[in-house]
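Inside the fold
Now for the letters of each chain:
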Amino acid sequence: MRVTVTVNGEQRRADDVWEGESLLFLLRERLGLPGSKNACEQGECGSCTVYLDDVPVCSCLVAAGQVQDREVRTVEGLAEGDRLDPVQEAFVEAGAVQCGFCTPGLVVAAHDLLDRVPRPSDPEIREALAGNLCRCTGYEKILDAVRLAAARR
Amino acid sequence: MTSVGTPVPRVDGLLKATGTARYTADIPFEDLTHAVLLQATIARGRIASIDASAAEAAPGVLLVLTHLNAPRLPRMRAFAKGGSAQQTVPALQDDRVRFAGETVAFVVAESQEQARYAAMLISVEYDEEPPAVGLHGDAYPPAKVNGQPPDYRRGDAERALADAAVTVERTYRTPVHHHNPIEPPVTIASWDDDGGLTVHEAAQGGVHMMRLGFAEALGIPRRKAGSIRVVSKFLGGGFGGKGFMWPRNILPAVAARLLGRPVKLELTRAQMYTSGGYRSETVQRLRLGADRDGRLGSIVHESTSTGSDMGEFPEPCAQITQMLYACPNVTGTHRLVRQNVGVPTFTRAPGEGPGSFALESALDELAGELSLDPLELRLRNYAETDPEHDRPWSSKGLRECYSEGAERFGWSARNPEPGSMRDGRWLVGYGMATAAYSSHTWPTFARVRIRADGTAVVRCATTDIGTGTYTVMAQVAADALGVRPGDVTFEAGDTRYPFAFPPVSSSGARSIGPAVRAAALAVRTRVARLAVKDRESPLFGADAATVRAIGGGRLARADDPERYDTFVDVLERAGLGHVEERKGYGVMPFLHSTASGIAPWPVGPLLRVATRPFAGRYSTYDFGAQFVEVRVDPDLGVVRVSRVVGVYDIGRVLNPRTARNQAVGGITWGIGMALMERTTTHPRLGKYTSPNLSGYLLPTNADVPDIDVHFLDRPDPLVNPLGVKGVGELPVVGVAAAIANAVHHATGKRVRSLPIGPAELLG
Ligand code: FES
Ligand code: FES
């Protein structure tokens, strides 16, 4: 099948998409956007988090065909030109990045949190990001990063 | 002016936060084919028949390998014997099934989805045999435990036990753990027309070690191993699970050779549980004997873990007991019980992780018997020198770790009576434990190049497994050269760069750091030598050995810092595009002074230039103290860790930001180990029952409290010129025991089997 979708503000098209493919596969393998990570393909880790029409989703759980004529925004689409999104900036500055494999998903999830709750409390941050697993950081600096980004936005 | 010791932000942070860092799976490849594994669904038996015809006829399928048609592959040399493999038995060589998850077919197709679909069409019939599951069978001693004999004896522990005024005898259990890095392992193998092989690996195992492994597996003579290139630039975590050569690393290269096209294999999360080792379950019997004052007279630590006829990795649990306390009579033994579950391997804090759970829990039980404060008990048995090797420590700040940690935590507020402290409905408990880890210095080489524009590039074949090597090593080089860290690029993860041992056992900073420093100093001296011979240089006629770096890429006379030259000017006048030097550092495994060496690594000639700073004269360990507060819901049995204080002696802290990351992440591993992480094996079928992240629970953001980490930050004067020890594993050690001890303090219930959950507390 053919899938037409707006990704990071740009109209994109993929041909010969198999019905069983996920949005994550579409992004990574067909549209050349490997920023979203494939880590479990079961909706358990959050590494593949992207916006689908402004709602964060695990792109590994969304069928590619479901995004027809919709809008997807990935970690690659958060910065505006050379200007990083405050969340990305805060992740770098706060030292919330170690191996970095969880980072793209976390950046999108944190971005969404701050859109909904501009000044989240610590328990709110912890709860909102509890679906994004990180095996390296122990989450401390991720919390710092979200606080920092909240203060700056 | 110096950069070491300052919290320089990660140089790769930006790439990672924008999704533009290219991990192995992200690398675009022309003409790429995709492979998947089909794995055995029984734990033991034979393949009676395997029919791949439907798969071979499926759309896009290029190749299906089974034991019927796969090329013959050799048995691999074990890591413990100087090889690169934990599982020495290669895949697809016979009809035997030795564990559930063993590869029975390897399918390659034009797309990953096609390969997956085709794998489903393969029909396999098995003749099943009952598998050996659990640590119930006959125990036997392993050949070696981390290069040491399986049994250790000092004094006569049994006799001392019989004579002891107070004894504690307990058995502790830890379950199977999986590394579960967030990035699944990926291998991309491609052959060029001249027979050269390039492998892109998500590899913690050190690219040079893997190169030798590929040569061995593929029948390429070692002298021609140079035709193999292994590349690993960004790694999404390893923790031991991406070390070494496993069949999954080898098969893509085998298939790529047959197809004449590059082959990519990306494991699924479930396959990660059976394709790269795991931490064995352990049963540990601890016997302690002490006098009434709490002075230990005897410790017996008997550990049993999983054995396999495909390779051997005994979890070295008792080794920490051999060195941690001043006790005259100590016995430590390691035994294995054969199971049909695959070969275990190193997992973050191997040995010390589960071993300290047993030892430090038992000590807490002894403190209870003696009505002695658990911290006081440890102080009464403080080892001023290494009791195992009977020699001094190169540095040991453990006493300060205890006192600083107790102070920060507020340990003195602890009411010794279990169940006595409450916060509303929550039962509150305090627990503590000692941490120690035998980090290593492995042979490592680095090449430092100063370029005409005054910037520098450092090359070393180590891998940045997420710890911050790219950042920290640029700092080390910058200081030695006298430039800003931003002017130095550290390049790693490529067999084209100088040899480095895999960054395992907390060895990164203390192995790579001194090599980088030595090479940077050497190249600086070379530039100085050029300058002092150059009439146009302000340094002309000075003694090159005394020329100092004064920052900003300037070299000054020792007697007059106003007279200086710069890298840029010296190179320009000399007409050189760059100047470079290569240096090595490290000690051969086994010559190293700490308890656990690993069998000789075959890099003999390289090692002659490596330094041996103090082999045999001192013992080096990382030390620390862990303090934990838990809250337990008395009705639900839910345990929440509410505070952790960790104070560590890791020698000099090269970068407080990356070191702290390691510590907080390590403590979080300890929380997972104490309360969540467990892989369960079906007792009859021998299969993992929940190989996924909803069955195997990792700590999430909501599970981790505020953590207070403090480093003594005292350079170890003897270990290496940077004074740095190791930080990767230490913060894991003791956390599980501290939590178990705190749970006991909160509830009066002693849980001796991990993880601790409501079932254990309410049962
Ligand atoms: S890859 Fe989608 S949630 Fe893990
Ligand atoms: S930084 Fe490695 S998984 Fe989060």
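Note that the structure is predicted; figures quoted are calculated from it, not measured.

About the criteria used
Residues numbered from 1 in each chain as written. Chains lettered and ligands numbered in written order. Predicted model: local features only at pLDDT ≥ 70, side-chain atom pairs only at ≥ 80, totals over all residues. Pairing = 2+ DSSP bridges. Helix = DSSP H or I, 4+ residues; strand = E, 2+ residues; numbered from the N terminus. Axes fitted to C-alpha atoms, helices over the stretch in contact; angles between N-to-C directions. Expected span 1.5 Å × (residues − 1). Buried ≥ 20, exposed ≤ 12 C-beta atoms within 10 Å, placed from the backbone. Parallel < 35°, antiparallel > 145°, perpendicular 65-115°, else oblique. Left-handed = near helix turned anticlockwise from the far one by under 90°. Contact = placed C-beta atoms within 7 Å. Nonpolar A, V, L, I, M, F, W, Y, C, P; charged D, E, K, R; others polar. Domains from an automatic or database assignment. Core = buried A, V, L, I, M, F, W, Y, C linked by C-beta atoms within 7 Å. UniProt positions renumbered as here; feature names shortened; annotations may be inferred.

Focus on the sheet that holds strand β21 (residues 488-491) of chain B
Residues and elements named next belong to chain B. Judged by pairing direction, the sheet is mixed, and its four strands sit side by side in the order β21-β20-β19-β25 without closing on themselves. The sheet terminates laterally at β21 and β25 (578-585), the two strands that pair on one side only. For this sheet, the mean angle separating the axes of adjacent strands, direction not counted, is 15 degrees. Note: strand β19 (residues 444-451) against β25, eight bridges, orientation antiparallel. Bridge assignment links Arg-451 to a residue of β25, and that residue is His-578.

As for helix α9 (residues 352-370) of chain B
Residue and element names in this part refer to chain B. With 19 residues, α9 should cover 27 Å at 1.5 Å per step; its first-to-last C-alpha distance of 25 Å lies within 8% of that length. Counted residue by residue, α9 has 16 buried out of 19 residues, so it is predominantly covered. Positive backbone phi, approximately 50 degrees, marks Ser-371, located one or two places after α9.

Let's talk about the packing of helix α16 (residues 656-675) of chain B against helix α17 (residues 735-747) of chain B
All names here are of chain B. Two numbers describe how α16 lies on α17: the axes approach to 8 Å, and their chain directions differ by 50 degrees. By the angle between their directions, the pair α16 and α17 is classed as oblique. Here α16 and α17 pass one another in a crossing that is right-handed. Taking contact as the criterion, the partners of Ile-667, Gly-670, Ile-671, Met-673, Ala-674 and Leu-675 in α16 are, on α17, Val-735, Ala-736, Ile-739 and Ala-740. Among the residues making up the contact of α16 with α17, the classes are represented as nine nonpolar, one polar and no charged.

Here we look at the environment of Ile-182 of chain B
Tracing the backbone shows Ile-182 of chain B in the loop between β9 (166-174) and β10 (186-191). Since 27 C-beta atoms lie within 10 Å of it, Ile-182 of chain B is described here as buried. For Ile-182 of chain B and Ser-275 of chain B, which are 93 residues apart along the polypeptide, the C-alpha to C-alpha distance reads 15 Å. Not counting chain neighbours up to four residues away, the residues in contact with Ile-182 of chain B comprise Ala-39, Cys-45, Ser-47, Phe-101, Cys-102, Leu-133, Cys-134 and Arg-135 of chain A together with Gly-236 and Gly-237 of chain B.

Here's the deal with the sheet that holds strand β13 (residues 263-266) of chain B
All names here are of chain B. What the seven strands build is an open sheet, ordered β3-β5-β1-β13-β10-β11-β12; its pairing is mixed. The open sheet is flanked by β3 (61-65) and β12 (228-231), the only strands paired with a single partner. Taking the axes of each pair of neighbouring strands and ignoring which way they run, one obtains an average angle of 20 degrees across the sheet. Note: β3 against strand β5 (residues 103-109), four bridges, orientation antiparallel. The residue of β5 that forms the bridge with Leu-63 is Val-108. Against the sheet, helix α6 (residues 247-259) engages β1 (33-39), β3, β5, β10, β11 (197-201) and β13, with an angle of about 30 degrees to β10.

What to know about the domain arrangement of chain B
Residues and elements named next belong to chain B. Along its sequence, chain B is organised into domain 1 (31-130 + 182-238 + 242-272), domain 2 (139-177 + 278-439 + 620-762) and domain 3 (440-607). In this structure, domain 1 and domain 2 have C-alpha centres spaced 36 Å apart. Each partner contributes residues to the interface: domain 1 has 17 residues there, and domain 2 has 17 residues. Partitioning the side of domain 1 that touches domain 2 into residue classes produces nine nonpolar, five polar and three charged.

Focus on unusual backbone geometry
In this chain, Leu-754 of chain B is followed by Pro-755 of chain B through a cis amide linkage whose omega measures -5 degrees. The topology assignment puts Pro-755 of chain B in the loop between α17 and α18 (758-762). For Asp-53 of chain A, which is not a glycine, the phi torsion comes out positive at approximately 50 degrees. In this fold, Asp-53 of chain A is placed in the loop between β3 (49-52) and β4 (55-58). Of note in the backbone geometry, Tyr-139 of chain A takes a positive phi value of approximately 75 degrees without being a glycine. Within the secondary structure layout, Tyr-139 of chain A lies in the loop between α4 (122-128) and α5 (140-152). The class for Tyr-139 of chain A is buried, based on 29 C-beta atoms found within 10 Å.

Considering the nonpolar core
Residue and element names in this part refer to chain B. Ranked by size, the top nonpolar core spans 278 residues in total, and within it Val-107, Cys-460, Ala-477, Val-516 and Ile-739 carry the most contacts. The greatest single-element share of this core, amounting to 13 residues, is contributed by helix α13 (residues 508-532). Discounting residues that sit within four places of it in the chain, Val-516 has contacts with Ala-446, Val-448, Val-458, Cys-460, Met-473, Val-476 and Ala-477.

Let's talk about the UniProt feature "domain: Aldehyde oxidase/xanthine dehydrogenase a/b hammerhead" (unreviewed entry) in chain B
As recorded in UniProt, the feature "domain: Aldehyde oxidase/xanthine dehydrogenase a/b hammerhead" (unreviewed entry) lies at residues 18-130 of chain B. From the first C-alpha to the last, residues 18-130 of chain B spans 51 Å; its make-up is 12% helix and 30% strand.

Observations regarding the domain arrangement of chain A
All names here are of chain A. The domain boundaries assigned to chain A delineate domain 1 (3-77) and domain 2 (86-152). Here the C-alpha centroids of domain 1 and domain 2 sit 21 Å apart. Listed per partner, the contact involves 13 residues of domain 1 and 11 residues of domain 2. Take the side of domain 1 that touches domain 2: its biggest share by element is three residues, from β3. Residue classes in the side of domain 1 that touches domain 2 are distributed as seven nonpolar, five polar and one charged.

Re the interface of chain A and chain B
Contacts between the two partners involve 46 residues from chain A, matched on the other side by 42 residues from chain B. Mapped by element, the contributors of at least two residues to the side of chain A that touches chain B are α2 (86-94), α3 (103-116), α4 and α5 of chain A. With four residues, α2 of chain A is the largest single contributor of residues to the side of chain A that touches chain B. Looking at the side of chain A that touches chain B residue by residue, the classes come out as 23 nonpolar, 13 polar and 10 charged.

What about the environment of Cys-60 of chain A?
Residues and elements named next belong to chain A. The topology assignment puts Cys-60 in the loop between β4 and β5 (71-73). Assessed through the 23 C-beta atoms surrounding it within 10 Å, Cys-60 is described here as buried. Sequence-wise, Cys-60 and Gln-42 are 18 residues apart; in three dimensions their C-alpha atoms are separated by 6.8 Å. Residue contacts for Cys-60: discarding those within four places in its chain leaves Ser-22, Leu-24, Asn-38, Glu-41, Gly-43 and Cys-48.

Details of α13 of chain B
Between its first and last C-alpha, α13 of chain B extends 36 Å over 25 residues, near the 36 Å set by a 1.5 Å rise per residue. For α13 of chain B, the buried fraction is high: 20 of the 25 residues fall into the buried class.

A few points about the packing of α13 of chain B against helix α14 (residues 567-574) of chain B
All names here are of chain B. The N-to-C vectors of α13 and α14 enclose an angle of 60 degrees; their axes lie 10 Å apart at closest approach. The angle between the axes of α13 and α14 places the two elements in the oblique class. Crossing geometry of α13 relative to α14 is assigned as left-handed. Residues Val-527, Leu-530 and Ala-531 of α13 form the contact with α14, whose participating residues are Phe-567, Val-570 and Ala-574. Of the residues contributing to the contact of α13 with α14, the split by class is six nonpolar, no polar and no charged.

What to know about the pairing of β1 of chain B
Residue and element names in this part refer to chain B. With respect to burial, β1 is a largely interior element, seven of its seven residues being buried. Side chains Thr-33, Ala-35, Leu-37 and Gln-39 of β1 all project onto a buried face; the interleaved residues His-34, Val-36 and Leu-38 project onto the opposite face, where all are buried too. In the sheet, β1 pairs with β13 via three bridges, with the strands oriented parallel. By the bridge assignment for β13, Ala-35 is matched with Leu-265. Where β1 and β5 come together, six bridges link them in antiparallel fashion. Within β5, the position partnered with Gln-39 by the bridge is Thr-103.

A word on the pairing of strand β26 (residues 622-632) of chain B
Residues and elements named next belong to chain B. Of all 11 residues in β26, 11 are buried, a share of seventy percent or more. Along β26, one buried face is formed by Asp-622, Gly-624, Gln-626, Val-628, Val-630 and Val-632 and the opposite face, lined by Phe-623, Ala-625, Phe-627, Glu-629 and Arg-631, is buried too. Of the pairings in the sheet, the one linking β26 to strand β27 (residues 639-649) comprises 10 bridges and is antiparallel in character. From the neighbouring strand, Val-632 faces β27, where its bridge partner is Val-639.

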